[in-house]
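# Secondary and tertiary structure notes
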Amino acid sequence: MPMLEEFDDSTDESRETRRRPRRRLSRRRRIVVSILAVLLLITVGVGGYGWFLSSKVDRNLAHEDLFGDSREQTTTSQGQKLVDDAGDNYLLLGSDARPGDGGRSDVIQLVHVDESKDTVWIIHFPRDLYVPIPGHGEDKINAAYAYGKTPLLVRTIQDLVGVKIDHVAITDFEGFQNLTDALGGVTVNNAQASPKFPEGSTDLDGDSALQYVRERKTLAEGDISRGQRQQAWLKGIMSKTLTPGVLLNPSRLNRVIDAGTEHTVVDNDLTARTIRREAIGLRSIRGADIHFVTAPFSGYGTSPEGASIDVLDEQGMKELSEALRTDDMEGYDGS
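About the thresholds
- Residues numbered from 1 in each chain as written.
- Predicted model: local features only at pLDDT ≥ 70, side-chain atom pairs only at ≥ 80, totals over all residues.
- Heavy atoms only, no water.
- Patch = residues over 30% accessible without salt bridge, like charges linked within 9 Å, V, L, I, M, F, W, Y side chains within 5 Å.
- Areas by Shrake-Rupley, 256 points an atom, 1.4 Å probe, with all protein chains shown as cover.
- Salt bridge = Lys/Arg side-chain N within 4 Å of Asp/Glu carboxyl O.
- Lys, Arg positive; Asp, Glu negative; His and termini not counted.
- Charge placed at Lys NZ, Arg CZ, Asp CG, Glu CD.
- Helix = DSSP H or I, 4+ residues; strand = E, 2+ residues; numbered from the N terminus.
- Buried < 20%, exposed > 50% of the residue type's maximum accessible area, 1.4 Å probe, protein only.
- Pairing = 2+ DSSP bridges.
- Phe/Tyr/Trp six-rings, centres within 6.5 Å; stacked < 30°, edge-to-face > 60°.
- Lys NZ or Arg CZ within 6 Å of the ring centre and 35° of its normal.
- Expected span 1.5 Å × (residues − 1).
- Axes fitted to C-alpha atoms, helices over the stretch in contact; angles between N-to-C directions.
- pLDDT = per-residue confidence, 0-100.
- Contact = heavy atoms within 4.5 Å.
- Core = buried A, V, L, I, M, F, W, Y, C linked by side-chain atoms within 4.5 Å.
- Polar contact = N/O pair within 3.5 Å; in protein donor to acceptor, adjacent residues only side chain to side chain.

Among the surface-exposed residues, Asp118, Glu322, Asp328 and Glu330 lie close enough to one another that they form a single negatively charged patch. Relative to the assigned elements, Glu322 resides in helix 11 (residues 314-325). Judged by relative accessible area, Glu322 falls into the partly exposed class, the value being 45%.

Bringing the pairing of strand 13 (residues 308-312) into the picture now. If a strand is regular, its side chains alternate between the two faces of the sheet. Counting buried residues along strand 13, four of its five residues qualify, which places the element largely inside the surrounding structure. With two bridges joining them, strand 5 (residues 129-132) and strand 13 adopt parallel strand pairing. From the neighbouring strand, Tyr130 faces strand 13, where its bridge partner is Val311. Linking strand 12 (residues 297-302) to strand 13, which pair antiparallel, is a turn of five residues; within it Gly306 sits at a positive phi near 90°.

The next thing to look at is the pairing of strand 8 (residues 186-190). Judged by which residues are buried, strand 8 turns out to be one-sided: Val186, Val188 and Asn190 face inward and are buried, whereas Thr187 and Asn189, on the alternate face, are not. Sheet topology note: the strand 8/strand 9 (residues 200-204) ladder contains five bridges and is antiparallel. Within the sheet, the bridge partner assigned to Asn190 lies in strand 9 and is Gly200.

All right, on to the packing of aromatic side chains then. According to the stated counting rule, one finds two aromatic pairs in the structure shown. Between Phe197 and Tyr212 the ring centres are 5.2 Å apart and the planes differ by 80°, which places this aromatic pair in the edge-to-face class. Of the two residues, Phe197 sits in the loop between strand 8 and strand 9 while Tyr212 sits in helix 6 (residues 206-214), which places them 15 residues apart along the sequence. The burial state of Phe197 is the same as that of Tyr212; both residues are buried. Above the ring of Phe67, the side-chain terminus of Arg71 is found at 3.6 Å from the ring centroid.

Now for helix 7 (residues 223-241). Taking 1.5 Å per residue, 19 residues should reach 27 Å; helix 7 reaches 27 Å between its end C-alpha atoms and fits that length. When you tally the buried positions in helix 7, you get 16 out of 19 residues, the bulk of the element.

A few words now on the sheet that holds strand 13. Reading across from one edge, 6-5-13-12 is the order of the four strands in this open sheet, with mixed pairing throughout. Of all strands in the sheet, those with a lone pairing partner are strand 6 (138-140) and strand 12, marking the two edges. In this sheet, neighbouring strand axes are inclined to one another by 40° on average, regardless of whether the strands run parallel or antiparallel. In terms of strand pairing, strand 12 meets strand 13 through five bridges, oriented antiparallel. What sits directly across from Phe297, in strand 13, is Leu312.

Summarising the model, the protein chain shows a mean pLDDT of 79, and 79% of its residues fall at 70 or more. Contacts for the low-pLDDT stretch residues 1-38, under 50 throughout, to residues beyond four places or in other chains number 132 contacts. Between residues 96-102, whose pLDDT stays under 50, and residues either more than four places distant or in other chains, the model counts 15 contacts.

In this structure, Phe125 and Ile157 are the most contacted members of the largest nonpolar core, which totals 40 residues. Only strand 2 (88-96), strand 3 (104-113), strand 4 (120-124), strand 5, helix 4 (143-161), strand 7 (167-171), strand 12 and helix 11 provide two or more residues apiece to this core. No other element matches helix 4, which puts nine residues into this core. Excluding anything up to four places from it in sequence, Phe125 contacts Ile108, Leu110, Ile141, Ile157, Leu160, Val161, Ala295 and Met317. Formed by 39 residues, the second largest nonpolar core is a distinct cluster that contains Tyr90, Leu92, Ala232 and Leu253.

Below, the discussion takes up helix 6. For helix 6, the complete set of buried residues consists of Gly206, Ser208, Ala209, Leu210, Tyr212 and Val213. N-capping of helix 6 is provided by Asp205, with a side-chain oxygen placed 3.3 Å from the backbone N of Asp207.

Of note, Lys164 is situated in the loop between helix 4 and strand 7. Comment: no salt bridge for buried Lys164; closest opposite-charge side chain is Asp84, at 6.7 Å. In this structure the side chain of Lys164 is engaged in a polar contact, spanning 2.8 Å, whose partner is the backbone oxygen of Gln73. Apart from the residues lying within four places of it in its own chain, the contact partners of Lys164 are Ser70, Arg71, Glu72, Gln73, Leu82, Val83, Asp84, Asn89 and Gln158.

Structure (C-alpha cells):
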C-alpha cells in the first residue's frame, strides 16, 4: 500500500479493529507530543528580548545525556556512513514510562531543518512500525526506547535514515497542555471527523487539544491517524507562535517560553546559547515552510509474537533516507 500522505482521511473501519485497546496511563507520565525544541529554536532569538528569554530557557530546561554511545556511531549497522553535514536533525519524543515494562515512546517525530534554514520537515514514525533494532532483532520501533531508552532509539533511527541526529528533546503532557493555553488556544485543520471533533477548522484549548491528539480508537487508521492529528496540532502551535501577537508581546511570549520549557528534557549540548544561535538562522520560517510526512509503511500485519504492526516499506525508507542524506526533502515523493 502507498505510504500515507499528510493528514490522509481515507476510511477503513476494519483496520482499527486490529489495534489493541489503549491502556490506562498515569496522568503525570502520559507524554503525548514534543515539538518544544523546534519552537524554542524559532522563538528565542527575537531581537534584544532574546537574551532574557535565553536566560529563562537555560533556567527551566533540564539537561540529560540522551545520546549515550549513539554519539559515537559513524555508520549504520549495514556499514553505510552516517551523513552529518546535510541540514540539522532533531528527535522529538513523547515517552510513556509504565511501572514494570521499562516504558515505551508513543510519539516519535524526526524534525529535519534544511541547510538553508528556510524549510522544516517533520517526519512521524508510527510507534508500531516494525523495524530492525540493533541488538534486539525486529520489533516495534517504540520498543527501542523500552530496551535502551533514548540512546538505542537514536541508534535505531540513525540506522533507518542514515543521518546523524543532532539533538533530542522529550516533554510530558502537562507542558503540552500549558503550552496550548499559554498561546490562548490553537486552531487546527482537522482532516478526519470524530465524535468530539468535526472535520475542518477546529479551535482547541489545552484540555481539548490533549483529547484531540490522544484519540485513536474512533479514527480510521488508528495510531497512524493519531500521529497525523499530532502533526496538525504541531503546525497549529508553530503557526500561532510565529504570529506578531505572540512574538511581539513580551508577556505572552514569556508565558509560552515558560510553558514550553518547564516540563522538557533536552540533551546536554542543546544549551540556551546553542538554541539562540540556531534561532537566528530560523527567524524567517513561517507556517507555510513547515511540512509533514509519515515514515513509509506498506500496510498492516502481525508480528511473530502476535502483535499488530505497521509493516516497514523498505524501498520507501531507502528513498526517505536518500532525501535526508542529500538534504533534498523537496524532491521526496512519499506516495
